[in-house]
Amino acid sequence: MRKVNTKNFKKTLSKFSTGITVICVKKNNSIYGKTVNSFNSLSLKPPMVLFSLGNYSSTIKHFSKTRFLSINVLSSKQKELSDNFASSEPKLENIKFIEGKNKTVIIPNCIANLECELTDKIKKGDHIIFICKILELESNDKLKPLVYFNSKYF
Ligand SMILES: Cc1cc2nc3c(=O)[nH]c(=O)nc-3n(C[C@H](O)[C@H](O)[C@H](O)COP(=O)(O)O)c2cc1C
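How each quantity is defined
- Residues numbered from 1 in each chain as written.
- Predicted model: local features only at pLDDT ≥ 70, side-chain atom pairs only at ≥ 80, totals over all residues.
- Helix = DSSP H or I, 4+ residues; strand = E, 2+ residues; numbered from the N terminus.
- Rg over C-alpha atoms; globule rule 2.2 N^0.38 Å.
- Buried ≥ 20, exposed ≤ 12 C-beta atoms within 10 Å, placed from the backbone.
- Contact = placed C-beta atoms within 7 Å.
- Near = placed C-beta within 6 Å.
- Nonpolar A, V, L, I, M, F, W, Y, C, P; charged D, E, K, R; others polar.
- Core = buried A, V, L, I, M, F, W, Y, C linked by C-beta atoms within 7 Å.
- Pairing = 2+ DSSP bridges.
- Axes fitted to C-alpha atoms, helices over the stretch in contact; angles between N-to-C directions.

A look at the overall build of the chain
If you tally the helices and strands in the chain, you get three helices and 12 strands. Taking 154 residues into account, the globule formula puts the C-alpha radius of gyration at 15 Å, and the chain, at 15 Å, falls close to it. A total of 154 residues make up the chain; the buried ones form 24% of that total. In the chain, of all internal contacts separated by at least 6 residues, the share reaching a separation of at least 24 is 67%.

Take a look at the structure:
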């Protein structure tokens, strides 16, 4: 075993395969989205999930001040969306967002979508953990997931 530093921490964590989500919020008619793989299930009863965002992010305020948000789990055909929402100025023009029931916007053609209410935020290290209650959800059995492993898409 080795002593931990930022480089070997990142490398080691990259060996944990994840799916990829895009978290979306709508505020004053503007849409903000961010590529996130720190998504996980938290509780069954009540149904809750969590994810974490870096508090150094230029758009953190839009996510931390919202009440509702959508979590869009990307399919294997949506690599471009992952790259787009990982950039500092994502392009929104060509995305046909669907209006959710709870003032959210949903990305179409995902393998799964969740509409959530943000219930708690916990500051830890340089990230904020977002805890959300699930309000509505849907999934598609015909699509395959976009997988992230070793800093590459599969
Ligand atoms: C596959 C992938 C997963 C990511 N997961 C997270 C995450 O869980 N939390 C986070 O804060 N940023 C995550 N990011 C980085 C953000 O998408 C984004 O690049 C970062 O917040 C910097 O942009 P900003 O300063 O404009 O917000 C991820 C990026 C990629 C490509």
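Describing the site of the ligand
In the vicinity of the ligand, 17 residues are found, and the nearest of them are Thr35, Ser38, Ser57, Ala86 and Ser88. The set of elements that each furnish at least two residues to the shell around the ligand consists of β3 (30–36), β5 (48–54) and α3 (79–86). At four residues, the largest contribution of residues to the shell around the ligand is made by β5. When the residues that make up the shell around the ligand are grouped by side-chain class, the tally is six nonpolar, 10 polar and one charged.

What to know about the nonpolar core
Counting residues in each nonpolar core, the largest one holds 24 residues, and the members touching the most others are Val22, Ile23, Cys24, Leu69, Ile71 and Leu74. Listing elements by their share of this core, those giving two or more residues are β2 (21–27), β6 (68–73), α3, β9 (112–124) and β10 (127–139). Examining the composition of this core, we find that four residues originate from one element, β2, more than from any other. Residues within four places of Leu74 in sequence aside, it is in contact with Ile20, Thr21, Val22, Leu81, Ser82, Cys110, Ile111 and Leu146.

Overview of the sheet that holds strand β1 (residues 18–19)
An order of β1-β11-β12 is seen for the three strands of this open sheet, with the pairing classed as antiparallel. Strand pairing shows two members of the sheet lacking a second neighbour, β1 and β12 (152–153), which therefore form its edges. Looking at chain direction, β1 and strand β11 (residues 147–149) are connected through two bridges and run antiparallel. In the strand pairing of β11, Gly19 is matched with Val147.

Concerning the pairing of β10
Where β5 lies against β10, seven bridges are found, and the strand directions are antiparallel. Paired with Leu50 across the strands is Ile131, a residue of β10. Bridge analysis of β9 against β10 gives 12 bridges, and the strand direction is antiparallel. Note on β10: the bridge partner recorded for Asn113 is Glu138. Two successive antiparallel strands, β9 and β10, enclose a turn made up of two residues, where Gly125 displays a positive phi of approximately 55°.

Observations regarding the sheet that holds β5
Spatial ordering of the open sheet is given by β3-β2-β6-β9-β10-β5-β4, a layout of seven strands whose pairing is antiparallel. Across the chains shown, the open sheet's two edge strands, defined by having one partner strand only, are β3 and β4 (40–43). Across the sheet, the axes of successive neighbouring strands diverge by a mean angle of 35°, strand direction being ignored. Relative to the sheet, α3 contacts β2 and β3, its axis offset from that of β3 by approximately 110°.

Observations concerning the environment of Pro145
With respect to the helices, strands and loops of the structure, Pro145 is situated in the loop between β10 and β11. Judged by the 18 C-beta atoms lying within 10 Å of it, Pro145 falls in the partly exposed class. Once the C-alpha coordinates of Pro145 and Thr18 are considered, the two residues, 127 residues apart in sequence, prove to be 9.6 Å apart.

Section: the pairing of β5
Sheet analysis places β4 next to β5, joined by three bridges and oriented antiparallel. If you follow Ser41 over to β5, its bridge partner there is Val49. Linking β4 to β5, which pair antiparallel, is a turn of four residues.

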